[in-house]
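# Structural description and commentary
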Amino acid sequence: MSDTPEVWKLIFQHLKNAGFSVYSPGQHQGDCTEPYVVVNIGSSLPFGTFTTVQTPYDILCYVPKTAFSTLEGYVDSVEKCLKQCSFLRSLHYRTPAYYDDAVKGHMISTQFVNYRKM
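Okay, so let's go over this structure.

Cut-offs applied
Residues numbered from 1 in each chain as written. Predicted model: local features only at pLDDT ≥ 70, side-chain atom pairs only at ≥ 80, totals over all residues. Heavy atoms only, no water. Helix = DSSP H or I, 4+ residues; strand = E, 2+ residues; numbered from the N terminus. Rg over C-alpha atoms; globule rule 2.2 N^0.38 Å. Salt bridge = Lys/Arg side-chain N within 4 Å of Asp/Glu carboxyl O. Buried < 20%, exposed > 50% of the residue type's maximum accessible area, 1.4 Å probe, protein only. Core = buried A, V, L, I, M, F, W, Y, C linked by side-chain atoms within 4.5 Å. Contact = heavy atoms within 4.5 Å.

In terms of regular secondary structure, the protein chain is built from two helices and seven strands. When the helices and strands of the protein chain are read in sequence order from the N terminus, they spell out α-β-β-β-β-α-β-β-β. Relative to the 2.2 N^0.38 estimate, which gives 13 Å for 118 residues, the radius of gyration of the protein chain is 14 Å and therefore close to what a compact globule would have. Taking the principal axes of its C-alpha atoms as reference, the protein chain extends roughly 45 × 25 × 25 Å.

Here it is, written out as structure tokens:
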């Protein structure tokens, strides 16, 4: 993959095709009433001394306020889905669960990375 926005679209579409409710940053409106995912692009950085660029993708997974017990399983299912994408690699990193009062939902963020030639 050579184009960062194109990779974002592929991630978005892959999750959507798998049945997840997927949003771009700032797109979801209102309270969290059902699980959903937000796909966010991080800052691209050179990878070592190679002519390769690494671009991280933050995958924010939300569940409703009353569904905290389902959060880990939901994140597991999202990660399992994204591990099917040959152009992504999991960074095996998750943030601690966070309650976001703005959307009345619990969130865990996980990260994947895409490597591409400059």
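Turning our eyes to something else, we now look at the pattern of salt bridges. Once their charged atoms are close, side chains differing in charge can pair, the charge on each being opposite to the other. For the structure on display, the rule yields four salt bridges. The salt bridge involving Glu79 is made with Arg94; its shortest N-O contact spans 2.6 Å. In this pair, Glu79 sits in helix α2 (residues 71-82) while Arg94 sits in strand β5 (residues 89-94), placing the two residues 15 residues apart along the sequence. Take Arg94: its relative accessible area is 26%, and that puts it in the partly exposed class. When the shortest N-O distance is used, the salt bridge between Lys104 and Asp101 registers 3.5 Å. For Lys104, a relative accessible area of 32% corresponds to the partly exposed category.

With that out of the way, let us pick up the nonpolar core. Counting 24 residues, the largest nonpolar core has Ile11, Leu15, Ile59, Val78 and Leu82 as its most contacted members. When residues of this core are traced back to their parent elements, those giving at least two are α1 (4-17), β2 (36-41), β4 (52-64), α2 and β7 (105-117). Broken down by element, the residue count for this core peaks at six residues, all from α2. When residues no more than four places from it in sequence are discounted, the contact partners of Ile59 are Ile11, Val37, Val38, Val39, Val78, Leu82, Ile108, Ser109, Thr110 and Phe112. In terms of nonpolar packing, the next biggest core, distinct from the first, is built from seven residues, Val38, Tyr62, Val103 and Met107 among them.

Here Pro64 is to be found in strand β4. For Pro64, a relative accessible area of 12% corresponds to the buried category. On a C-alpha basis, the gap between Pro64 and His106 in space is 6.3 Å, while along the polypeptide they are 42 residues apart. Ignoring anything within four residues of it in the chain, the contact list for Pro64 reads Cys32, Thr33, Glu34, Pro35, Lys104, Gly105 and His106.

So, about the side chain of His106. Within the element layout of this structure, His106 appears in strand β7. In this structure His106 comes out as buried when scored by relative accessible area, which is 13%. Those residues in contact with His106 that sit more than four places away from it in its chain are Cys61, Tyr62, Val63, Pro64, Lys65, Phe68, Leu71, Tyr98 and Tyr99.

Positive phi, close to 50 degrees, is recorded for His92, a residue that is not glycine. Tracing the backbone through its elements, the reader meets His92 in strand β5. Even without being glycine, Lys104 reaches a positive phi, approximately 55 degrees. Position of Lys104 among the secondary structure elements: in the loop between β6 (98-100) and β7.

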